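Single-letter residue listing:
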Amino acid sequence: MILTLTLNPSIDISYSLDHFSLDTVNRVNNTIKTAGGKGLNVTRVLSEYGEDVTASGFLGGKLGEFIEQQLNANQINHHFFKINEETRNCIAILHEGQQTEILEQGSSITELEASEFKTHLAKLLTKANVIAMSGSLPRGLKSDYYADLIQLAEQHQKLTILDSSGQSLLDVLLSDYKPTVIKPNIDELAQLLQTKVTSEIECLKDAVNQPIFDGIAWIIVSLGSEGAFAKHHNNYYKVNIPRIDVVNPVGSGDSTVAGIASGLIHQDEDDVLLKKANAFGILNAMESQTGHIDVHKFDEIFQQIEVIEV
């Protein structure tokens, strides 16, 4: 079973407007409310692909109940830890080809809740083989909280994927407990190393071999339209992807994480894992709905992806 963790979930509310005006009334043409958060995007894609997946994280209040109802409606397994504060809303206003976002800061997790969640997670780990941790940390959690969760997973001998950025990722990299996979994009890689990183193969090789990445089995670097670069132990790969008509790129990184998780759970060969991960990301970009793939197009896209050892 694949376990996904969304520690700072939200209800994603999308308002579509022909025109957005400040300091007056705006009437919405269309409203969409979905269970949001990077980990829940990962969950949906895995479920659509037919994987055995369970979602977890922190949920609170009536908005948390709404997220559970949505997951139930889509027949997605979940086992969240309930907190006292209300789960947040994140609003996107789509207007005149633009997107204006209003993001609530979200719940504040108490010290007791943070501790009890680890007990909750330990029980789930007995049934999981791969754990995908995605997104930002909510208020109240220390920036090294992901390192604590990876330590717990390591004690249970589970494979872990961490898709985070900034201080929470840095704290993991500086800790004694390493995830199996990280998936930075090239800008995040440069930020971590505090130096310029280009898409040249030798530059990427040098970047992923810096001491900060010691102990991480898989480093998969997103290069946008140029595909991806990956290191698995002592092997290096360049992934070339087909050109497509992009409909909505939001959630493609999360879909890529879903593909990585699927590859790990099935013990896929390196090239198959990388093709699957990038196919999922591409399929998401071809859809208007975030965190969604058309599985009927998977084989067609998969065959167009090239993985070269470099």
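Residues numbered from 1 in each chain as written. Predicted model: local features only at pLDDT ≥ 70, side-chain atom pairs only at ≥ 80, totals over all residues. Heavy atoms only, no water.

K.L.:
Explain the layout of surface pockets to me, using residue names and the numbers behind them.
P.N.:
The computed volume of the largest pocket comes to approximately 950 Å³. Tallying contributions element by element places strand β7 (residues 88–95) first for the lining of the largest pocket, with 5 residues. Of the residues that constitute the lining of the largest pocket, the class distribution is 9 nonpolar, 16 polar and 6 charged. Quantified by volume, the second largest pocket comes out at close to 760 Å³. Lining the second largest pocket we find 35 residues, and of these Ser222, Gly224, Ser252, Gly253 and Thr256 sit closest to its centre. The residue makeup of the lining of the second largest pocket, split by class, is 11 nonpolar, 18 polar and 6 charged. (1 Å grid on protein atoms, 1.4 Å probe; cavity = no way out; pocket = protein on both sides within 12 Å on 5 of 7 lines; lining within 4 Å. Points joined across faces, edges and corners; volume = space filled by probe spheres on them. Helix = DSSP H or I, 4+ residues; strand = E, 2+ residues; numbered from the N terminus. Nonpolar A, V, L, I, M, F, W, Y, C, P; charged D, E, K, R; others polar.)

K.L.:
Run through the pairing of strand β8 (residues 98–103), naming residues and quoting values.
P.N.:
Where β7 and β8 come together, 6 bridges link them in antiparallel fashion. When the sheet's bridge partners are listed, Ile91 is paired in β8 with Ile102. Taking the residues that link successive antiparallel strands as the turn, the β7-β8 hairpin has 2 residues, and the phi of Glu96 there is positive, at about 50 degrees. (Pairing = 2+ DSSP bridges.)

K.L.:
Account for the pattern of salt bridges, with residues named and values stated.
P.N.:
Here the structure, examined in full by the defined rule, presents 6 salt bridges. The residue Asp254 makes a salt bridge to Lys38 at a minimum N-O spacing of 2.7 Å. Placement of Asp254 in helix α8 (residues 252–265) and of Lys38 in helix α1 (residues 38–49) is noted, with a sequence separation of 216 residues between them. In this structure Lys38 comes out as partly exposed when scored by relative accessible area, which is 33%. (Salt bridge = Lys/Arg side-chain N within 4 Å of Asp/Glu carboxyl O. Buried < 20%, exposed > 50% of the residue type's maximum accessible area, 1.4 Å probe, protein only.)

K.L.:
Break down the nonpolar core for me, citing the residues and quoting the values.
P.N.:
Grouped together as the largest cluster of nonpolar side chains are 46 residues, with contacts concentrated most on Leu7, Phe58, Phe117, Tyr145, Leu149, Phe213 and Val221. Only β1 (2–6), α3 (111–125), β9 (130–134), α4 (145–155), α5 (166–173), α6 (186–193), α7 (201–208) and β12 (218–222) provide two or more residues apiece to this core. Per-element tally for this core: the top contributor is α4, with 7 residues. Excluding anything up to four places from it in sequence, Leu7 contacts Gly57, Phe58, Phe117, Ser136, Leu137, Pro138, Leu141, Tyr145, Tyr146 and Leu149. (Core = buried A, V, L, I, M, F, W, Y, C linked by side-chain atoms within 4.5 Å. Contact = heavy atoms within 4.5 Å.)

K.L.:
Account for empty space enclosed by the protein, with residues named and values stated.
P.N.:
Considering all chains together, one arrives at 1 cavity of 30 Å³ or more under this definition. By volume, the largest cavity amounts to about 50 Å³. Here the residues of the lining of the largest cavity sort into 6 nonpolar, 3 polar and 1 charged.

Any functional reading would require information beyond the geometric quantities listed.
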